[in-house]
Structure formats: C-alpha cells, structure tokens
Amino acid sequence: MHVGLVTACYEPVINGVTRIVSLYRSYLEKLGHRVSIFTLGTSSLKDESCSIYRSPGLPLGNTGYFLAPRYSRPIQKKIRRLDIIHCHHLVMGLEFAHRYGRCPILFTNHTRYDLYLEAYTKLPSQVTKLIMELTWSRLARKSDAIIIPADATRNILHKFGVLEPIQVIPNGIELSKFSSPRVSLTKKDLGLPDDAIVMIFVGRMSSEKNLRVLLNEFYVANQINRRLHLLLIGDGPNFRMLKTVVQKMNLANNIQLIGEVDNDQLPAYLAASDFFVTASTSEVHSLTLLEAIAAGLPVVAISSPGTDTVVGDGKTGLLADDKPNELADKMIVMAANRSIRTQYAKNASIASKKYDIRLTISRSLSLYEELLADKRLGIRN
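The present account deals with the structure reproduced in this document.

Definitions and cut-offs
- Residues numbered from 1 in each chain as written.
- Predicted model: local features only at pLDDT ≥ 70, side-chain atom pairs only at ≥ 80, totals over all residues.
- Heavy atoms only, no water.
- Axes fitted to C-alpha atoms, helices over the stretch in contact; angles between N-to-C directions.
- Helix = DSSP H or I, 4+ residues; strand = E, 2+ residues; numbered from the N terminus.
- Parallel < 35°, antiparallel > 145°, perpendicular 65-115°, else oblique.
- Left-handed = near helix turned anticlockwise from the far one by under 90°.
- Contact = heavy atoms within 4.5 Å.
- Nonpolar A, V, L, I, M, F, W, Y, C, P; charged D, E, K, R; others polar.
- Patch = residues over 30% accessible without salt bridge, like charges linked within 9 Å, V, L, I, M, F, W, Y side chains within 5 Å.
- Areas by Shrake-Rupley, 256 points an atom, 1.4 Å probe, with all protein chains shown as cover.
- Salt bridge = Lys/Arg side-chain N within 4 Å of Asp/Glu carboxyl O.
- Lys, Arg positive; Asp, Glu negative; His and termini not counted.
- Charge placed at Lys NZ, Arg CZ, Asp CG, Glu CD.
- Pairing = 2+ DSSP bridges.
- Buried < 20%, exposed > 50% of the residue type's maximum accessible area, 1.4 Å probe, protein only.
- Right-handed = clockwise from strand over helix to strand, strands pointing away.
- Expected span 1.5 Å × (residues − 1).

1. Digging into the packing of helix 5 (residues 113–121) against helix 6 (residues 125–140)
Right, on to step 1. The contact between helix 5 and helix 6 brings their axes to 10 Å, and the two run at 135 degrees. Considered as vectors, helix 5 and helix 6 are oriented oblique to each other. Helix-helix and strand crossings are classified by hand; for helix 5 and helix 6 the assignment is right-handed. Contact residues: Tyr113, Asp114, Leu117 and Glu118 in helix 5; Ser125, Thr128, Ile131, Met132 and Trp136 in helix 6.
Right, on to step 2. Here the residues of the contact of helix 5 with helix 6 sort into five nonpolar, two polar and two charged.

2. What to know about a positive patch on the surface
Right, on to step 1. On the surface, Arg34, Arg70, Arg73, Lys77, Arg80, Arg81, Arg99 and Arg102 cluster together into a positively charged patch.
Right, on to step 2. Along the chain, the position of Arg99 falls in helix 4 (residues 90–100).

3. Side note on the sheet that holds strand 6 (residues 84–87)
Right, on to step 1. Strand order in the open sheet formed by seven strands is 3-2-1-6-7-8-9, and the pairing between neighbours is parallel. Each edge of the open sheet carries a strand with a single partner, namely strand 3 (52–55) and strand 9 (166–168). Strand-to-strand, the axes of this sheet are offset by a mean angle of 25 degrees, without reference to chain direction.
Right, on to step 2. In this sheet, strand 9 lies alongside strand 8 (residues 145–148) in parallel orientation, the contact comprising three bridges. Looking at the pairing, Ile147 lines up with Gln167 of strand 9.
Right, on to step 3. Packed on one face of the sheet, helix 1 (residues 16–30) meets strand 1 (2–6), strand 2 (34–40), strand 3 and strand 6 and runs near 160 degrees to strand 2.

4. Notes on the sheet that holds strand 11 (residues 228–233)
Right, on to step 1. The sheet built from six strands is open, its strands ordered 12-11-10-13-14-15 with parallel pairing. Edge positions in the sheet fall to strand 12 (255–259) and strand 15 (317–320), since each of these pairs with one other strand and no more. Across the sheet, the axes of successive neighbouring strands diverge by a mean angle of 20 degrees, strand direction being ignored.
Right, on to step 2. Pairing of strand 14 (residues 299–302) with strand 15 involves four bridges; the strand directions are parallel. Counted as the bridge partner of Val300 is Leu318 from strand 15.
Right, on to step 3. Across the face of the sheet, helix 9 (residues 211–224) comes into contact with strand 10 (197–202), strand 11, strand 12, strand 13 (275–278) and strand 14 while running at roughly 165 degrees to strand 11.
Right, on to step 4. The strands that helix 12 (residues 287–294) touches are strand 10, strand 13 and strand 14; relative to strand 13, the one it contacts most, it runs at about 160 degrees.

5. A word on the pairing of strand 13
Right, on to step 1. Taking every second residue as pointing to the same face, both faces of strand 13 are buried, with Phe275 and Val277 on one and Phe276 and Thr278 on the other.
Right, on to step 2. The pairing of strand 10 with strand 13 spans two bridges and is classified as parallel. Paired with Met199 across the strands is Phe275, a residue of strand 13.
Right, on to step 3. For the segment spanning strand 13, helix 12 and strand 14, crossover handedness is right-handed.

6. Here's the deal with helix 16 (residues 357–376)
Note: α-helices contain 3.6 residues per turn, so residues at a spacing of three or four share the same orientation.
Right, on to step 1. The first and last C-alpha atoms of helix 16 sit 29 Å apart over 20 residues, in line with the 28 Å expected at 1.5 Å per residue.
Right, on to step 2. For helix 16, every residue scored as buried is listed here: Ile357, Thr360, Ile361, Ser364, Leu365, Leu367, Tyr368, Leu371, Leu372 and Asp374.
Right, on to step 3. Packed against the buried residues of helix 16 are strand 1, helix 1, strand 6, strand 7 (105–108), strand 8 and strand 9.
Right, on to step 4. Directly beyond the C-terminal end of helix 16, a positive phi value near 80 degrees is found at Gly378.

Here's what the structure looks like:
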C-alpha cells in the first residue's frame, strides 16, 4: 500500500503533529508499506531520498509553517498516485489532499483550532466561533473518514458543525523508550540539590500552552515549598519572554528553561523528575502527557477535555480547576506526599500501555483497508 501523509509542516519543526507523522511513517514502513510525506517548505536532497515532498510556500515568520495557494505541479502528480491519503492538518493539508488526491482521504484532528485561533489572533471568542463554524465543518467534509485521538474531542467538533462519522484512534508512542531510558540523568547532573522536588513541562513555548499561568502558579507553590524546581523543555516564540519573566520573578534558581531537547534524550529528563506539570487547556491528546505517564510520572494539570482523557484525577495525577492558585495547590499536595507520587507513578505506567504506537498503526491500517474496500465496491470516491 502506498500511503501519503499530508501535514502543514514537518521536521525539522518539532511538535506533536510532526512527531506522530514521523512515527506513522516509521511503523508503516516497518510493516512493508510505502510512505510519502507531503508538506510545504524548502526541498532538499535528503528529503527526496526519504520520499518527503515539500511544495514551495511563503514562510510564516520563524514558525516552520508555510502558506501556499497550491502544491507544485510535480507534487500534484505524485499525490495522484497514492492508495490512501492520511491528513494531519486541516488547513494547508486536507484541502490540498482533496483537490489533488484520487483515493480515499482520512483526516486526524490533532488540534483545538478554535483555541489556537484565539491565542494567536486575540480575536473575541464570538468571532473565533463564527470563523471555525464556517471553516472547520466545510474542510472536514472533504475527508472520507475523520479520526479523533480522544473521544472528548467529539463534542467540540459537533459544536463547530463537524457532523460526519468520527472514529477514535488514540495517538501512540514508543513505550519502551520512556519506560526504560537508555541514558540516565540525576538531579546532580541538572545542577539541583539531592532533596529537590522536580516537576517538568515539555512542549512548545508559545501562548496556547498557558505558560504564564504555569509560572504564576509555580511562584505561589514555591513560596510554600522552596524545594520545588521546574524544568521547562521546548522552544518556541515565547522562549525569550519566558526567560525574562523568570528573572523578574526571582525564580532563576528554581526554574530552568532548557530549550529544545532531542527526542532520544527526553526520557532521561523525565526519569530525573518527580512529576509532570502543565497548565495547557488546548490539548487534544498530548504526546508529552503520554510520554510522561509511560515514564512513570504522575501528572499535575488543569482539567480540560484533552488532558482529562489521559490523566485520571486521584489515580495517575491531580487535576485542578482553571482558577487562580488551584494548580499551585495541586503542586504543593503532590510535592508533599511521596507515597501518593509512588502510587500514581505505578498507575501511570499501567495506564500508558494502551498508548503503544503499534496499536495506533494497527487500527489505522484497518481503517485504510476498510476505505479501500469501499472504494472497490463503489461506495466511496
């Protein structure tokens, strides 16, 4: 089977979508399938050898995303030869797949587009809602099947007029990489005291991740427990601003902005930490949360549909209301009780087993075959 993975951006950009696309490519190829990736950007010889096809586009600042009205003619021809197209972005992805593809199309909705639009445009929520009602449902209709990684997203899609049949296929990760890291780090390696209680956040340093709230809540918790330390791993447009905020809050001794870390090194940082923390409410099915529980880390987070799917309150972590000081209270409780952390860590490891990437690929392949069978019977396309 020749599978085309369509995405608005790809490596070297590092985010949840590019990582899941990379995993799909790797595991589909291991099963003997041919995989091509279609995206926007600047081509290279390495890309061609790996069947990564980048159509020219206008760069959107330093985000790694590009804007283009169409795919180039050579790439249009290549996309017509696919057996299955699996899109991972709505804009700059699904519309192109529908325009040029001649085979069944799937779309996995990885993103809360409404929240991202609010975060980046600062438009009123009523305006954002109207825009998403006009575009989300219109573009989603261009797919033959819609996948959501978590059932909590179903109501959100329905709210914005996406009424087509939806299937749940959870995102997956390479469990063993995080449960048994090849490299280890200690608190001493990180320049921290042995009695430090380390919480870690991994993700894009950008406004939709609610990082100013995370820093404010950490400040409150740190006033109560001075042993608390926070590792922030990732890069993004707000990285420098966050570094300045940390200095102004006099938290430079307790917060480390480490920057981007290679995915092979990330398990070591997780293993050196005591629990994972996030204030983001924009997640659909966060890979970093899956990686955290696979590493046996309890989670402290603000309750939201995407996060609640992964984190069991009082089982694998503690969920806070989205109100001032609520997240800080949960940080303090988690830090103060080693026995709770130990029990939640065990529960987290067990809960992570259902997020094996091989299960994700198997279920996706079954859907590919179903769509191809429908096409042969003339039910679709």
